[in-house]
Each structure stands twice: as C-alpha cells, then as structure tokens.
Amino acid sequence: ETGVTQSPTHLIKTRGQQVTLRCSSQSGHNTVSWYQQALGQGPQFIFQYYREEENGRGNFPPRFSGLQFPNYSSELNVNALELDDSALYLCASSASRGNNEQFFGPGTRLTVL
Amino acid sequence: GQNIDQPTEMTATEGAIVQINCTYQTSGFNGLFWYQQHAGEAPTFLSYNVLDGLEEKGRFSSFLSRSKGYSYLLLKELQMKDSASYLCAVRDGLGDYKLSFGAGTTVTVRA
C-alpha cells in the first residue's frame, strides 16, 4: 500500500506565473484535502475534494483552484502567483469525508520570487 | 470561524513529561486531533478525541473537555526524537470536515 505522494518536491516561480501541484492519494482513499502552511504556522485549509467534486473551501481567493480525477488523484492550481503564496503545500487523503484520520503527503515547497 | 491557541515553544529534558495545552473556540465541533510534524516533513497523526476524557496510546495521551474548549497532549518518557512541532486541529463537521489547525507548539527535548 503506497502512501500519499506529491510532486514536485520543490518549485521556484516568479510573481504573476501559474503553478500546478499534484497529489496521489493513498490507495482506497476517495477524499483529498489541500492545505497551505506558511513558515512557523499551522496548515490552513484550502479546499477538499470528494469523489471528484469540491466539498468545502477555506478562505482562499478564486485564483486557487483544484481538480480531482477518477482515480482520486488531485491537482492544485494557483494563478497570478504572489509573494505571499510562498509556502509548503500539503495534500492529505482520507478513506471518506468523515474519516477520522487524514494522511499527509510530504508536501511541495513553493517559492515565489 | 475557528480560533485555536497553543503555546509557541516548550523545552523539556529527556525522560521527563511535557503537557501541551490547546484551547479552541469554534463554530462547530466534530473532533480534535493532534499531529506531530518534524522540521521539513509532513504532519503525522497522533490522536483523536471526540468525547470528553483521556485517550492513551503508548507514551502519548490526549485529553478533551468540550465544555471548556480545552485539550492537552501529554508526552511521557520524552526521547530526543520527540523534538518536533505538535499541532492541535479541530474538525468542525459542518459538511466539509476540514481541519482547522493551531500554529503549533515546538517542543525541544534536551539531553
């Protein structure tokens, strides 16, 4: 059983560019949540996908968007990058929406210059 | 919204006990979680409480009082590898089951 994987590990972009981050959920998990973690802070909820549909969204602007695919893998897209978007982006999968345990991937470290 | 508070830093000696407190004010409540996060790594699940009381799992225990909006994580027989950030998170259960995290408590274990 493979765990949650994310790609790429690190990424450097410049202001105004667009980025796509990818997440493969753990086998058997149909729910994926995305979080942004700034340095020294706890993760902040961006949105959750359940069976290919958005199932809740945090306080992030529309330039943060996502997708979930039939195999339950997911993408996070960020348009018009800003300096404050520099953070660790974490993906977490769970066996269902209400499941107690979310398994986090290793994260993608995004730096915006 | 959610307001979750925990101390920023704690230091303890190897073999000792440390208690990390977490207080929360949330619009809904459907469980409180504790995660451990080593520097540069993903958070890993430690414990889950939804009813009042103490949950024990090896060297780690977690306590919840819903009426007080209070939880603590107790780490016993501290080891050097326990040096990490400990995150308190609340699930609001209002349909999307998102987790709202505190800023984390950095625990440093000294020899």
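Residues numbered from 1 in each chain as written. Chains lettered and ligands numbered in written order. Predicted model: local features only at pLDDT ≥ 70, side-chain atom pairs only at ≥ 80, totals over all residues. Heavy atoms only, no water.

A.B. asks: What is the right way to read the packing of aromatic side chains from this model?
C.D. replies: Each aromatic ring pair is characterised by the separation of its centres together with the angle its planes make. Applying the stated rule across the entire model yields 16 aromatic pairs over all chains. Both rings, one in F47(A) and one in Y49(A), keep their centres 5.4 Å apart while their planes meet at 80°; by these two values the pair is edge-to-face. Neither residue differs from the other here; F47(A) and Y49(A) are each classed as buried. With a centroid separation of 6.4 Å and 65° between ring planes, the pair formed by F33(B) and F45(B) is classed as edge-to-face. With F33(B) in strand β4 (residues 32-37) and F45(B) in strand β5 (residues 44-49), the pair connects residues that are 12 residues apart, well separated along the chain. Taken together through their ring pairs, the aromatic side chains of Y35(A), F45(A), F104(A), F33(B), Y35(B), F45(B), Y48(B) and F101(B) make up a single cluster. (Phe/Tyr/Trp six-rings, centres within 6.5 Å; stacked < 30°, edge-to-face > 60°. Buried < 20%, exposed > 50% of the residue type's maximum accessible area, 1.4 Å probe, protein only. Helix = DSSP H or I, 4+ residues; strand = E, 2+ residues; numbered from the N terminus.)

A.B. asks: Please explain the interface of chain B and chain A as it appears in this structure.
C.D. replies: Interface size is commonly expressed as the accessible area that is lost once the parts come together. The interface is formed by 17 residues belonging to chain B together with 23 residues belonging to chain A. For the pairing of chain B and chain A, the buried interface totals around 1500 Å² over both sides, and the portion due to carbon and sulfur atoms is 53%. If you look at where chain B meets chain A, you find 3 residue pairs in polar contact (both at pLDDT 80 or more). For the side of chain B that touches chain A, the elements supplying multiple residues, two or more each, are β4, β5, β9 (84-91) and β10 (99-101) of chain B. In terms of residue count, β4(B) provides more of the side of chain B that touches chain A than any other element does, 3 residues in total. Looking at side-chain class alone, the side of chain B that touches chain A contains 11 nonpolar, 3 polar and 3 charged residues. (Contact = heavy atoms within 4.5 Å. Buried area = accessible area lost by both parts, 1.4 Å probe. Polar contact = N/O pair within 3.5 Å; in protein donor to acceptor, adjacent residues only side chain to side chain. Nonpolar A, V, L, I, M, F, W, Y, C, P; charged D, E, K, R; others polar.)

A.B. asks: How should the sheet that holds strand β7 (residues 64-68) of chain A be read in this particular structure?
C.D. replies: Whether parallel or antiparallel, the strands of a sheet pair through hydrogen bonds between backbone atoms. Residue and element names in this part refer to chain A. Taken in spatial order, the 4 strands of this open sheet run β1-β3-β8-β7, and their pairing is antiparallel. Two strands in the sheet have a free side with no partner beyond their single neighbour: β1 (5-7) and β7. Across the sheet, the mean angle from the axis of one strand to that of its neighbour is 20°, orientation sign disregarded. Bridging between strand β3 (residues 19-24) and strand β8 (residues 74-78) involves 5 bridges; their strand directions are antiparallel. For C23, the partnering residue across the bridge sits in β8 and is S74. (Pairing = 2+ DSSP bridges. Axes fitted to C-alpha atoms, helices over the stretch in contact; angles between N-to-C directions.)

A.B. asks: Would you explain the confidence of the model for chain B in this entry?
C.D. replies: Detailed reading of the predicted coordinates is not advisable wherever pLDDT falls low. Residues of chain B with pLDDT of at least 70 account for 96%, and the chain-wide mean is 92. Within chain B, the element-level pLDDT minimum falls on strand β1 (residues 2-5) of chain B, averaging 89, and the maximum on strand β8 (residues 70-75) of chain B, averaging 98. (pLDDT = per-residue confidence, 0-100.)

A.B. asks: It is not clear to me how the pattern of salt bridges should be interpreted in this structure. Could you clarify?
C.D. replies: Any two side chains of opposite charge can pair, given that their charged atoms come close. Residue and element names in this part refer to chain A. Inspection of every chain in the model, using the stated rule, returns 7 salt bridges over all chains. R63 serves as the salt-bridge partner of E82, at 3.3 Å between the closest nitrogen and oxygen. With a gap of 19 residues between them, E82 in the loop between β8 and β9 (87-94) and R63 in the loop between β6 (53-57) and β7 connect regions that are remote in the sequence. By relative accessible area, which is 16% here, R63 ends up buried. (Salt bridge = Lys/Arg side-chain N within 4 Å of Asp/Glu carboxyl O.)

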